[in-house]
Amino acid sequence: MLRIAEQWYGSDVGRQRQGNEDNFFVRAPLYVVADGMGGAQAGEVASQLAVETFEPGLPDGAPDRGLVELIRAANARIHEMSRSDSQRSGMGTTCTAAYVDRDEVVIAHVGDSRAYLWRNGDLSRLTRDHSLVGELVDRGKLTEEQAELHPQRSVITRALGPEPDVNVDTERIATRDGDLFLLCSDGLTSMIRESQVAELLAASRSLERAGRALIAAANEAGGRDNITVVLFRVEHVDVPGAETQATTEAPAVGADVTGEAATRADGGGRPAAGDSAGGEARSARAPSAASRATDEQEAAYRRDATVAGERVVRSSPPPARGQEPPSGEKPRRRRRVPVGLLLVLFFAVVLLTSAFVAVRAVFFLGLDEKRAVTVYRGLPYELPLGIDLYSRHYISGVTIDQVPPARRPAFTDHKLRSLEDATDLVAQLETGRLRE
Ligand code: CA
């Protein structure tokens with residue numbers, strides 16, 4: 001099955017706009033970019049409503065149908081608000097969503113934000129622009145080059161908001177190990193050519209560098225619009241439950257799970273109006289941006305900053321529940337070793353051996369040093385002298401910050417579980433099907 005190996009996101013106001021009407025939602029395995037329109041107090045509201053709709057996760061059933069259902073629900077909410085509130089009249093937003101399913105990535109899309117696939121050095125566009133020039137290109141009336149310079153290239157023909165219902169394009173992409181996906185608003189692709197996007201992706205050693213380079217290039221080209229970039233790389237892993245209990249030691253699958261990017265703890269929300277690249281930069285955004293955010297959004301940013309900070313600071317493996325395990329009493333000094341003690345030691349070894357065998361059959365969930373949800377084999381305790389009663393069985397592609405807050409205790413309470421129970425819960429998490 002697929003899981004997220006690495007991700008990065010950032011949103012930038014650009015060089016000419018006063019505010020940022022783009023929004024995004026990042027909670028593996030679900031990624032969304034929304035580019036609002038309708039001017040101040042409307043565009044950003046529309047794109048915010050769009051990403052908020054993804055907050056509960058996908059409904060049951062096929063993921064492509066689920067994405068369509070959420071996007072249509074977002075459309076209905078935006079349309080209703082634009083009709084009932086004269087200040088929001090005419091607002092709309094694009095919406096490009098990607099969901100990493102077991103073996104495929106599912107894309108659902110309305111408008112002129114885009115999804116791309118970067119595979120083996122080739123960049124391919126996965127979405128068709130619902131714009132005037134996009135449709136002219138599709139019909140062969142314009143070349144891609146003419147479209148890039150067309151004065152009406154920002155006129156879009158399909159969006160969330162204008163109509164009570166909306167058609168959503170979907171596509172399923174059979175995915176290979178290492179595929180990199182890019183979701184972006186037109187603030188990127190209207191400023192730099194696809195060939196330049198490809199060059200920057202090829203030249204960057206990490207997703208963070210690639211993302212920052214893309215945003216910087218769009219700004220250098222003029223930065224006429226807000227620029228949002230979401231990047232995620234997928235990898236294939238074996239299904240954890242498929243392994244038999246007879247195996248002596250499960251190899252730690254992909255120790256480098258989450259990459260350098262911090263993930264929005266509350267899943268999505270508004271990007272900062274200034275540079276709001278993932279993680280640390282978010283907390284360092286310009287004060288002027290704070291005045292534009294509501295108190296609630298501000299609180300969300302602070303939560304994010306705290307979480308990101310915590311992730312960086314924490315470096316030692318923390319499977320114990322926040323507290324250090326008891327370190328035990330200091331060994332008492334004895335002058336000689338009586339025979340009785342040798343017998344006690346012998347039985348202790350027998351007991352410990354049987355306990356060890358028993359311990360191999362139980363599992364619990366906890367976090368690894370990168371806060372990724374991890375299946376541990378054994379008991380959640382450490383003995384003195386650094387002897388652990390557990391070992392890593394499987395590291396998921398999801399960090400605890402990506403888990404809805406109400407469900408987090410299940411992944412940190414260290415309750416003993418069967419292997420099946422533990423891997424089931426993690427599989428639900430990895431496929432975005434965790435019930436609230
Ligand atoms: Ca835009």
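All residue numbers refer to position in the chain's written sequence, counted from 1. For a predicted model such as this one, the threshold for reporting local features is a pLDDT of at least 70, and the threshold for listing and counting side-chain atom pairs is 80 or more; totals across whole chains, interfaces and linings nevertheless cover every residue. To obtain the side-chain values, all non-hydrogen atoms of the structure were included, while hydrogens and water were left out.

## A short note on the sheet that holds strand β8 (residues 122-125)
Defined as follows: At least two bridges found by DSSP between two strands are what make those strands a pair. Secondary structure elements are taken from DSSP: a helix is a run of H or I of four residues or more, a strand is a run of E of two residues or more, and numbering for both begins at the N terminus. Axis geometry follows a simple rule: fit a line to the C-alpha atoms, using only the stretch in contact for helices, then measure angles between N-to-C directions, giving values from 0 to 180 degrees.
Ordered in space as β1-β11-β10-β7-β8, the 5 strands form an open sheet in which the pairing is antiparallel. The outermost strands of the open sheet, each flanked by one partner alone, are β1 (2-12) and β8. Neighbour-to-neighbour, the strand axes of this sheet turn through a mean angle of 20 degrees, independent of strand direction. One ladder, built from 10 bridges, connects β1 with strand β11 (residues 227-236); its direction is antiparallel. Residue pairing in the sheet places E6 in a bridge with R233 of β11.

## With respect to the nonpolar core
Definition in use: Put simply, buried Ala, Val, Leu, Ile, Met, Phe, Trp, Tyr and Cys residues joined by side-chain atoms within 4.5 Å make one nonpolar core. For the exposure calls, accessible area comes from a 1.4 Å probe over protein chains only, and a residue counts as buried if that area is under 20% of its type's maximum, exposed if over 50%, partly exposed in between. It only takes one pair of heavy atoms within 4.5 Å for two residues to be counted as in contact.
Of all hydrophobic cores here, the largest spans 28 residues; its most connected members are F54, L67, I71 and L160. Elements with a contribution of two residues or more to this core: β3 (30-37), α1 (43-52), α2 (63-84), β5 (95-100) and β6 (104-110). The greatest single-element share of this core, amounting to 6 residues, is contributed by α2. With residues up to four places along the chain from it excluded, the contact list for L67 reads L30, F54, L58, A97, Y99, V106 and A108. Judged by nonpolar contacts, the second largest core, of 22 residues, contains L182, L214, I227 and V229.

## A word on α2
Heads up, the rule is: The span you would expect from a helix comes to 1.5 Å times its residue count less one.
Its 22 residues give α2 an end-to-end C-alpha distance of 32 Å, which sits within 8% of 32 Å, the value for a rise of 1.5 Å per residue. Looking at α2, one finds that the buried residues are P63, D64, G66, L67, V68, L70, I71, A74, N75, I78, H79 and S82. Along its buried surface, α2 packs onto β3, α1, β4 (92-93), β5, β6 and β9 (169-174).

## Description of unusual backbone geometry
For the bond from A28 to P29, the omega torsion is 10 degrees, close enough to zero to count as cis. Relative to the elements of secondary structure, P29 occurs in the loop between β2 (22-27) and β3. Despite not being glycine, N120 has its phi angle at roughly 50 degrees, a positive value. Note on placement: N120 falls in the loop between β7 (114-119) and β8. The class for N120 is exposed, based on a relative accessible area of 69%. Even without being glycine, H414 reaches a positive phi, approximately 60 degrees. Relative to the assigned elements, H414 resides in the loop between α12 (409-412) and β15 (416-417). Given the relative accessible area of 7%, H414 is considered buried.

Don't take any of this as a statement about function, it's just geometry.
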